[in-house]
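# Fold and geometry: a report
Each chain, letter by letter, is given below.
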Amino acid sequence: MDFQLSDDQRALRSGMRDLLGAVFDRGRLRAAVERDGALDRSLWRELGAAGFFALRLPEEAGGVGLGLPEAVLLFEEAGRALLPGPLVATHLAAGLVKGAAEGEAVVTAVAADLPAAHLAEADAVLVVDGQAPPGLPGDVLSGDVSGAEVLSGEALGAFVAAARPVRSVDPLTPLHRLAGRAVPTGAPQAYSGALHYEAALLTAAEQLGSAARTTEAAVQHAGERHQFGSPIGSFQAVKHLCADMLARTEPARAAVYAAAVTGDPAEIAAAKLLADEAAVRNARDCLQIHGGMGFTWEADVHLHLKRAWLRAASWLTVARAEELLAADLGAAGRLPRSSAAYGRPVPEAGGGG
Amino acid sequence: MDLAYTEAEEEFRGRLREWLAAALPGLPAKPSPDDWPARRAYDTAWQRMLYDAGYAGLHWPADAGGQGATPTQHLIFLEETEKAGAPYVGANFVGLLHAGPTIAAEGTAGQRARWLPPVLRGDQIWCQGFSEPDAGSDLAALRTRAVRDGDDYVVTGQKIWTSHAEVADWCELLVRTDPAAPKHRGISWLAMPMDAPGITVRPLRTLAGSTEFAEVFLDEVRVPVRNRVGAENDGWRVTMVTLSFERGTAFVGEVVACRRTLDALADEARRTGRWDDPVLRRRLGRLNAEFRALWRLTQANVSESERTGGVPGVGGSVFKLRYSGVRQELYEAAAEVLGGDAFDVDREWVLDRLSSLSYTIAAGTSQIQRNIVAERILGLPKGR
Ligand SMILES: Cc1cc2nc3c(=O)[nH]c(=O)nc-3n(C[C@H](O)[C@H](O)[C@H](O)COP(=O)(O)OP(=O)(O)OC[C@H]3O[C@@H](n4cnc5c(N)ncnc54)[C@H](O)[C@@H]3O)c2cc1C
């Protein structure tokens, strides 16, 4: 056992951080906010060229041939940097939707009654059945259907026309409300079990990156800002908020990394639950520590909080994660123990883990 | 990131399991929690069994009488012994987890040879005489005086909250050897024999009803100078070595045990029908996430110490802060599962609920852990 990043994994992570520092610095982040989160297609292609979307495709299929642990490290960096766009859906669509792997296509996902992100800009949409991952007994959750459908071309046009744009609470994520519940009607083209769990895990990784970033921002501000003749970080009321932020981030990190290695559904649920909580609560504490500045549009902390809210509502909500984790307990423990349990991986899309 | 155990590690696990299966039925009956001499006998008998089988001081270095096992083998040992229902370290706690590692790290060859083998064999029990009535969180404010007189220190003062004092052979004692120096620089670390004249032990009753700890009064107790570990007035640094051990490795078995308790709570709730309450169910589900994460965090910490080959660092404070709170939540949930039975002290989990209350206090309170995390890990300025 060696539950630490390998040298290659460290290099991959720092490479991603450098890349984002170069192609998505704070100036570009704020520019993205100014244009209401509209995607920068050339940035999308740059991510594609760097292997962000094709990471888990086999090398024979033009991919990078890496697994979920590596994907999780990249998504953590994306979450740190507040990188906009339907990153998870496009990554999962690599190999399934033409151009997704290369960053030529933007693929978003819609599920249940959640608003759809970046719908107007999408070249394809994954319509995923229900918000509930399969694997739970029907008496705990309903919606145990295993289909995901890809919409593009005319069908996509009609789908978008029926949706209504809303003023998004998150300045980096344009949203549409759908007319009704999203339900795939055609033949399933991907197994939604893998989609749900992998999407939940990659989303958790973004939350982790955000939680770590808001901790850093809070600590930095607490060390610089003076009141009563002292740095505010010398006051325990502030200091202890910062300590609790780290005590949320580190268990979440262990859970996310472990889930990426095992692919165990219960472990993924634990990762999502703890990472959601770390991202949302750390952003709140970071906001509080920034005082009046934290309530401004100018400070980045609201961007972290709003994005964290949206991610927490996506793929595996607190309520569903807790039910899943409850079902896993006891001698009756009814959850399958490995990624094999939630079925075939998305065709050609790596499956990883 | 590799969670798979190596072949050698699995082989180690297999041998250990076999030994546990053969050895555990030979244990004497569990003593009553209030019978301290019997508890001591039981805990040391178990330690002796470990010693004879070559599992004592597993991860201690060879020059301390240990087996030089890797941190991962130690983790496997703690996991498997807990899963097999083996006894806890119990009264051997201070010897194996505080005083012993300190002597191993800071003692002379002679001191290691004198004190460590009896700990590993289960012949001798240690207690920890750090806290005083006016020195708890502010441990460096301790006032127990040690005055040099020839080859002895003459020690006078009072210790409090000393666990296992009644049955201990030795006490790792912090004393003030230079009252004029700044408070952190006038402290020394002594090994005090508990049968020395001038020691009075007065047991204190905990809120759980038993006498887990005691007041220790010291009236001109003579402790030989050669019983000092580390240089005179360097005891604070020596102590920090001990405390980082305490925060780094002490809870591995407990996390395994908590996960088993959680499973048992789910089974019990299903049996009684309380499982139909989604609030309770989700509460238990959340605890599942917490303990899974704490287990993974433990593995990450163990792998880190395997790589650095070092003493566990302040990262243990993050773990302790989170774990102590979550353990209390576990037993609050247990009370909900028990319903009306939660008020019967003889019912399983009720005493655990009571003793869980000490977790945010003992070994550095949660407030102190937050100070440590904020100042030493995050680098925030010290308060005034
Ligand atoms: C079950 C149990 C077993 C123990 N066993 C031993 C033992 O074997 N040997 C031994 O030496 N000791 C032992 N202790 C003592 C333990 O280490 C102390 O109780 C602990 O360090 C707290 O000290 P105190 O009790 O004096 O509380 P205090 O230090 O008086 O703290 C009281 C309250 O004030 C808060 N506080 C204090 N200082 C600060 C600060 N700077 N910032 C914020 N808040 C602060 C604390 O968090 C706490 O809430 C044991 C304690 C328990 C409960």
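These figures come from a predicted structure and were not determined experimentally.

## Structural notes on the overall build of chain A
When helices and strands are counted, chain A shows 11 helices and 9 strands. Of all 353 residues assigned to chain A, the portion counted as buried reaches 59%. Looking at chain A alone, contacts between residues at least 24 apart form 74% of all its contacts between residues at least 6 apart. Counting only carbon and sulfur atoms, one obtains 53% of the accessible surface of chain A, whose full area is about 12,800 Å².

## What about the nonpolar core?
Residues A:Leu47, A:Phe52, A:Leu87, A:Leu201, A:Val256 and A:Tyr257 are the most contacted members of the largest nonpolar core, which totals 79 residues. With 10 residues, the top contributor of residues to this core is helix H7 (residues 192-224) of chain A. In this view, A:Phe52 contacts A:Met16, A:Leu47, A:Leu74, A:Phe75, A:Ala78, A:Leu87 and A:His91; residues no more than four positions away in its chain are not counted. Judged by nonpolar contacts, the second largest core, of 56 residues, contains A:Met1, A:Leu329, B:Leu287 and B:Leu330.

## What to know about unusual backbone geometry
Residue and element names in this part refer to chain B. Unusually for a residue other than glycine, Asn-233 sits at a positive phi of about 70°. Residue Asn-233 is classed as partly exposed on the basis of its relative accessible area of 23%. Notably, Trp-349 is not glycine yet its phi reads approximately 85°, a positive angle. Mapped onto the elements of the fold, Trp-349 is located in the loop between helix H9 (315-338) and helix H10 (350-356). A relative accessible area of 6% means that Trp-349 is categorised as buried.

## A look at the pattern of salt bridges
What the rule picks out here adds up to 56 salt bridges over all chains. Here B:Arg286 makes a salt bridge to A:Glu277, at a shortest N to O gap of 2.4 Å. Taken together, the residues span two chains, with B:Arg286 in helix H8 (residues 278-308) and A:Glu277 in helix H9 (residues 265-289). In this structure, B:Arg15 engages B:Glu11 in a salt bridge whose closest nitrogen and oxygen atoms are separated by 3.7 Å. Residue B:Arg15 and its partner B:Glu11 are both found in helix H1 (residues 7-23); the two are separated by 4 residues, about one turn of the helix. Members of the salt-bridge network, linked through shared partners, are B:Glu10, B:Arg13, B:Arg17, B:Glu79, B:Glu80 and B:Lys83.

## Topic: the sheet that holds strand S6 (residues 175-177) of chain A
Remark on secondary structure: sheet strands pair via backbone hydrogen bonds, oriented parallel or antiparallel. All names here are of chain A. Strand order in the open sheet formed by 3 strands is S2-S6-S5, with antiparallel pairing between adjacent strands. Each end of this open sheet is capped by a strand with a single partner; those strands are strand S2 (116-117) and strand S5 (164-166). Taken together, the 2 bridges between S2 and S6 define a ladder with antiparallel strand orientation. Note that in S6 the partner of Ala-117 across the bridge is Leu-175.

## A look at the state of the cysteines
Residue and element names in this part refer to chain B. On inspection of all chains with the given rule, the structure shows 0 disulfides over all chains. Looking at Cys-171, it has no disulfide partner, and the nearest cysteine sulfur is the one in Cys-127, 3.8 Å off. For Cys-171, a relative accessible area of 2% corresponds to the buried category.

## Structural notes on the site of the ligand
Near the ligand lie 18 residues; those nearest to it are B:Gln128, B:Ser137, B:Trp161, B:Thr365 and B:Gln367. Those chains with residues close to the ligand are chains A and B. One nitrogen or oxygen atom from the side chain of B:Ser137 is found 2.6 Å from an oxygen atom belonging to the ligand. One of the side-chain nitrogen or oxygen atoms of B:Thr365 is found 2.7 Å away from an oxygen atom of the ligand. In isolation the ligand exposes 980 Å². Once the protein is present, 65% of that is buried. When contributions to the shell around the ligand are tallied by element, the ones reaching two or more residues are strand S3 (152-163) and helix H11 (366-377) of chain B. Classifying every residue of the shell around the ligand by side-chain character gives 7 nonpolar, 11 polar and no charged. Formed jointly, the shell around the ligand draws a minimum of three residues from each of two domains, domain 2 (126-237) and domain 3 (246-377) of chain B.

## A look at the domain arrangement of chain B
Residues and elements named next belong to chain B. When its domains are assigned, chain B resolves into domain 1 (7-88), domain 2 (126-237) and domain 3 (246-377). One C-alpha centre belongs to domain 2, the other to domain 3, and the line joining them spans 31 Å. Every contact between the two is made by 4 residues of domain 2 and, on the other side, 6 residues of domain 3. Sorting the residues of domain 2 by area buried against domain 3 places Ser-137, Leu-207 and Ala-208 first, and these three jointly supply 87% of that buried surface. On inspection of domain 2 and its partner domain 3, the count reaches 0 salt bridges. Per-class residue counts for the side of domain 2 that touches domain 3 are 2 nonpolar, 2 polar and no charged.

## Here's the deal with the environment of B:Ile125
Residue and element names in this part refer to chain B. Relative to the helices and strands, Ile-125 resides in the loop between helix H5 (109-121) and strand S1 (126-129). As for Ile-125 and Phe-93, which are separated by 32 residues in sequence, their C-alpha atoms are 8.4 Å apart. Not counting chain neighbours up to four residues away, the residues in contact with Ile-125 comprise Arg-40, Thr-44, Ala-91, Asn-92, Val-167, Ala-168, Asp-169 and Trp-170.

## A closer look at the pairing of strand S4 (residues 170-176) of chain B
Along any regular strand, the residues point their side chains to alternate faces of the sheet. Residues and elements named next belong to chain B. Counting buried positions along S4 yields 7 of 7 residues, so the element is predominantly enclosed. Burial of S4 is two-sided: the residues Trp-170, Glu-172, Leu-174 and Arg-176 facing one way and the residues Cys-171, Leu-173 and Val-175 facing the other way are all buried. Relative to S4, S1 is paired through 4 bridges, and the arrangement is parallel. Pairing of Trp-126 across the sheet is with Trp-170, part of S4. Strand direction decides the pairing type here: S4 and strand S5 (residues 187-193), joined by 7 bridges, are antiparallel. Residue pairing across strands places Val-175 opposite Ser-188, the latter belonging to S5.

## Brief notes about the environment of B:Val252
All names here are of chain B. Mapping Val-252 onto the fold places it in helix H7 (residues 252-272). With 63 residues separating them along the chain, Val-252 and Gly-315 place their C-alpha atoms 14 Å apart. Sequence-distant contacts of Val-252, that is, excluding residues within four places in its chain, are made with Leu-75, Leu-78, Trp-295 and Thr-298.

## Focus on the pairing of strand S7 (residues 213-224) of chain B
Residue and element names in this part refer to chain B. Where S3 and S7 come together, 9 bridges link them in antiparallel fashion. Across the sheet, Asp-152 pairs through a bridge with Pro-224, a residue of S7. When strand S6 (residues 199-204) meets S7, the two strands line up antiparallel, connected through 6 bridges. Residue Val-201 lies in a different strand from S7, and its bridge partner there is Val-216.

Rules of the game
- Residues numbered from 1 in each chain as written.
- Chains lettered and ligands numbered in written order.
- Predicted model: local features only at pLDDT ≥ 70, side-chain atom pairs only at ≥ 80, totals over all residues.
- Heavy atoms only, no water.
- Helix = DSSP H or I, 4+ residues; strand = E, 2+ residues; numbered from the N terminus.
- Buried < 20%, exposed > 50% of the residue type's maximum accessible area, 1.4 Å probe, protein only.
- Contact = heavy atoms within 4.5 Å.
- Areas by Shrake-Rupley, 256 points an atom, 1.4 Å probe, with all protein chains shown as cover.
- Core = buried A, V, L, I, M, F, W, Y, C linked by side-chain atoms within 4.5 Å.
- Salt bridge = Lys/Arg side-chain N within 4 Å of Asp/Glu carboxyl O.
- Pairing = 2+ DSSP bridges.
- Disulfide = S-S within 2.5 Å.
- Near = heavy atom within 4 Å.
- Polar contact = N/O pair within 3.5 Å; in protein donor to acceptor, adjacent residues only side chain to side chain.
- Nonpolar A, V, L, I, M, F, W, Y, C, P; charged D, E, K, R; others polar.
- Domains from an automatic or database assignment.
- Buried area = accessible area lost by both parts, 1.4 Å probe.

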